[in-house]
Amino acid sequence: MSAKLHGLLAEFADAEQLHGAALRTKREGYVFIEAYSPYAIEGLAEALHPR
Amino acid sequence: MSTVFSREPQLPVIAPGENALSVTRSVSGVVLKLPVGLRWMGSLGFAMMLTGIFLVGICWLLYAGVGIWGLNIPVAWAFAITNYVWWIAIGMGGTFISAAMYVTRQDWRASINRLAESMTVFAVAVSGLFPIFHLGRPWFFYWLFPYPDIMDLWPQWRSSLEWDFWAIIAYLIVSIAFLYVGMLPDLATLRDRARRRLLAIFYGLLALGWRGEAQHWRRLESVTLMLAGLSVPLVFSVHSMVALDFSEGLVPGWHSTIFPPYFIAGALFSGFGMVLVLAIPMRRLFGLQAYLTDRHISVIAKLMLAAGLWIDYSYASEIFTVFYSMDKFDVRMEMNRFLGPYAWLFWSTMAFNFVQIQLLWFERVRRNHVAVFVIALGVLYGMWLERLMLIVTSLYQDFMPSAWGMFYPTFWDFAFLFGSVGLFLSLYLVFSRLMPMLSMYELRKLAHKRNEVEG
């Protein structure tokens, strides 16, 4: 079994950290990223999928 | 001066120490964990019994016709239309709370909106039954719909019955959509937390594959905003139309342009009343005091008082206009309301819709939930009496004395009234055990915001 990397998952303690991480991954050029949250976080969708 | 305007310290909209996890646990616990209690079963049993009477009444009505009710010419509307207006008005108040408060970003609505929206859906559904049963030949009710038929049948667009049909349909569709879309994330939470596979499948199908992606939230927010934007004008347009059912009639006491705003005031008034009547027992029954706080009860009580003052102003304005016009039929109708055989209807309406609500000016009364509950029940009763008063006192003596006649309700009139209450309560009680009664995702956001402010 070759250990092929399919993706990475990370858990964040609060909304601000998640938002920050989303902005950072986007800035560093990652394309296939998604964030999941238990409630709507302002600016999160815009950070990940800017139009 | 400062003592006059000093504000009472604001009560919290969510109990301190609540966070996303505790919200999820206690709200989803009501659906997934809480054992079926004796009080809930007892309430449901009682509501089902009333629903049973309603069903018997409906069968008897379909067999024997509307003659089983006390209505006749000249009072041809009576209880059926009173019940219709009463129920649809209750729904309007619910929509106003959830939609208008959403558009204006009132954060306290987070815990009350689901309760108000579900109340709306059930109240409108129950209200829609009455115009149909009142038709005489209820099985032809679909003739109201302009479907392509071979009989050259086309709806009578000038008939208020037709307007009722569109009002109810439009309102029902939008309020169901609003309720359902708003529940999607919470249904997904129930799917994820359900222990039994069957329950997980049930909630999973309803949740439409909600995963909480950032994109999902963005879409949910824009859809909610659109539906709220649609609902707020609908509250006003639909109930204005209900009011025009009366205004277009030429009888004294109905033929008045004040009716649309007057009816909307009444709708909000009775809607807030019903929210209080449901919320006060619900929070105790399901232990949701941390979310449906004293602040909520107090704020809705204030809204009810405000709507009540608006309707009291409408009463005063209506009476003033009648005497200012010096129209002899209108004056006679008004004097009949004050002193005629149905004067008790008018004066009880005043007692419930004007006198007793003045107690709500006092903070001490608003914090006493038993008092607020009793006042809200009185408001519901008063608003029902008001519609009956409007209908009966205008119809029983119109222009020609030869056509005058009294109205006396029969057993079946009351069976339909209390039966419809039973149907509404049954639907509501079942819903409260199957679906999350409070919006978990909005409460999580609220709790997060609060904790941030407090540091």
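Residues numbered from 1 in each chain as written. Chains lettered and ligands numbered in written order. Predicted model: local features only at pLDDT ≥ 70, side-chain atom pairs only at ≥ 80, totals over all residues. Heavy atoms only, no water.

**Here we look at the overall build of chain A**
This is how the line gets drawn: In this description a helix means any DSSP run of H or I spanning at least four residues, a strand means any run of E spanning at least two, and both kinds are numbered starting from the N terminus. With C-alpha atoms as the basis for the radius of gyration, the globule rule is written as 2.2 Å multiplied by the number of residues raised to the power 0.38. Remark: exposure states derive from per-residue accessible area (1.4 Å probe, protein chains only) relative to the maximum for the residue type, with buried under 20%, exposed over 50%, and partly exposed in between. Calculation of accessible area relied on Shrake-Rupley with a 1.4 Å probe; when residues are assessed, cover is drawn exclusively from the protein chains displayed. Residues scored as positive are Lys and Arg, those scored as negative are Asp and Glu, and His as well as the terminal groups of each chain are ignored. To locate a charge, take NZ of a lysine, CZ of an arginine, CG of an aspartate or CD of a glutamate.
Looking only at helices and strands, chain A features two helices and zero strands. Expected size for 51 residues packed as a compact globule is a radius of gyration near 10 Å; at 12 Å, chain A overshoots this value by more than 25%. Considering only C-alpha atoms, chain A reaches an extent of 40 × 25 × 15 Å along its principal axes. Expressed as a percentage of the 51 residues in chain A, the buried residues total 25%. A total of about 4,200 Å² of accessible surface is found on chain A, and carbon and sulfur atoms cover 57% of it. Put simply, chain A has 5 plus and 7 minus side-chain charges, and the middle of one group is 12 Å from the middle of the other.

**Structural notes on helix 10 (residues 294–325) of chain B**
In plain terms, the rule: A helix is expected to span 1.5 Å multiplied by its residue count minus one.
When the terminal C-alpha atoms of helix 10 of chain B are compared, their 46 Å separation across 32 residues agrees well with the 46 Å that a helix rising 1.5 Å per residue should span. Phi turns positive one or two residues past the end of helix 10 of chain B, at M326(B), with a value near 60 degrees.

**As for the pattern of salt bridges**
All names here are of chain B. Put simply, the rule reads: The term salt bridge refers to a side-chain nitrogen of Lys or Arg lying within 4 Å of a carboxyl oxygen of Asp or Glu.
Following the criterion strictly, the structure yields 13 salt bridges over all chains and no others. With a closest N to O distance of 3.6 Å, R283 and D294 form a salt bridge. Here the residue R283 occupies a position in helix 9 (residues 259–285), and D294 occupies one in helix 10, the gap between them amounting to 11 residues. Exposure remark for D294: the relative accessible area of 36% places this residue in the partly exposed category. Each of E363, R366 and R367 takes part in a single network of salt bridges with overlapping partners.

**Let's talk about the packing of helix 2 (residues 20–32) of chain B against helix 6 (residues 160–193) of chain B**
All names here are of chain B. So the rule is basically this: Axis lines are fitted to C-alpha atoms, over the contacting stretch for helices. Their N-to-C directions set the angle, which ranges from 0 to 180 degrees. Any angle from 65 to 115 degrees is called roughly perpendicular, while one under 35 is roughly parallel, one over 145 is roughly antiparallel, and all others are oblique. By the convention used here, residues are in contact when the closest approach between their heavy atoms is within 4.5 Å. Side-chain classes follow a simple rule in which Ala, Val, Leu, Ile, Met, Phe, Trp, Tyr, Cys and Pro form the nonpolar group, Asp, Glu, Lys and Arg form the charged group, and the remainder, Gly included, forms the polar group.
Here helix 2 crosses helix 6 at 75 degrees, and the two axes come no closer than 11 Å. By the angle class used here, helix 2 and helix 6 are roughly perpendicular. Across from T24, R25, S28, V31 and L32 in helix 2, the residues of helix 6 making contact are T189, L190 and R193. Tallied by class, the residues present in the contact of helix 2 with helix 6 amount to three nonpolar, three polar and two charged.

**Structural notes on the confidence of the model for chain B**
Residues and elements named next belong to chain B. To be explicit about the condition: The quantity called pLDDT is the predictor's confidence in a given residue, expressed from 0 to 100.
The predicted model of chain B averages 91 in pLDDT, with 97% of residues at 70 or higher. Averaged pLDDT values over the elements of chain B bottom out at 50 in helix 1 (residues 2–5) and peak at 96 in helix 12 (residues 343–355). Here the complex is predicted with pTM 0.92, and the ipTM for its interfaces comes to 0.90.

**Some points on the packing of helix 9 of chain B against helix 15 (residues 411–434) of chain B**
Residues and elements named next belong to chain B. Note the cut-off: Here is the rule for handedness: rotate from the far helix to the near one, and if that takes an anticlockwise turn smaller than a right angle the crossing is left-handed, while a clockwise turn gives right-handed.
Their axes nearest at 13 Å, the elements helix 9 and helix 15 cross at an angle of 45 degrees. The angle between helix 9 and helix 15 places the two elements in the oblique class. Our pair here, helix 9 against helix 15, has a crossing hand that is right-handed. On helix 15, the residues touching M274, L278 and M282 of helix 9 are F424, L425, Y428 and S432. For the contact of helix 9 with helix 15, the class distribution of residues is six nonpolar, one polar and no charged.

**Here's the deal with the side chain of E213(B)**
By the secondary structure assignment, E213(B) is in the loop between helix 7 (197–206) and helix 8 (214–247). Aside from chain neighbours lying at most four places away, what touches E213(B) is E34(A), A35(A) and Y36(A).

**Overview of unusual backbone geometry**
Residues and elements named next belong to chain B. Following I73, the chain continues to P74 via a peptide bond in cis, the omega torsion being 10 degrees. Along the chain, P74 turns up in the loop between helix 3 (38–64) and helix 4 (78–103). Of note, R105 is a non-glycine position whose phi angle comes to about 55 degrees, a positive value. Within the element layout of this structure, R105 appears in the loop between helix 4 and helix 5 (113–133).

**Notes on the interface of chain A and chain B**
Our working rule: The quantity reported as buried area is the accessible area (1.4 Å probe) lost by two parts once they are put together, taken as the sum for both. In protein, a polar contact means a hydrogen-donor-capable atom and an acceptor-capable atom, both N or O and within 3.5 Å, with residues adjacent in sequence counting only if both atoms are side-chain atoms; elsewhere, any N or O pair within 3.5 Å suffices.
Tallying the contact residues gives 16 residues for chain A and 13 residues for chain B. Between chain A and chain B lies a buried interface of about 1,300 Å² when both sides are counted; carbon and sulfur atoms form 55% of it. The tally of links between chain A and chain B comes to one salt bridge. Here R218(B) makes a salt bridge to E46(A), at a shortest N to O gap of 3.5 Å. Linking chain A with chain B are eight residue pairs in polar contact (both at pLDDT 80 or more), by the criterion used here. Looking at the side of chain A that touches chain B, the elements that each hand over two or more residues are helix 1 (15–27) and helix 2 (44–48) of chain A. Along the lines of polarity and charge, the residues of the side of chain A that touches chain B split into nine nonpolar, two polar and five charged.

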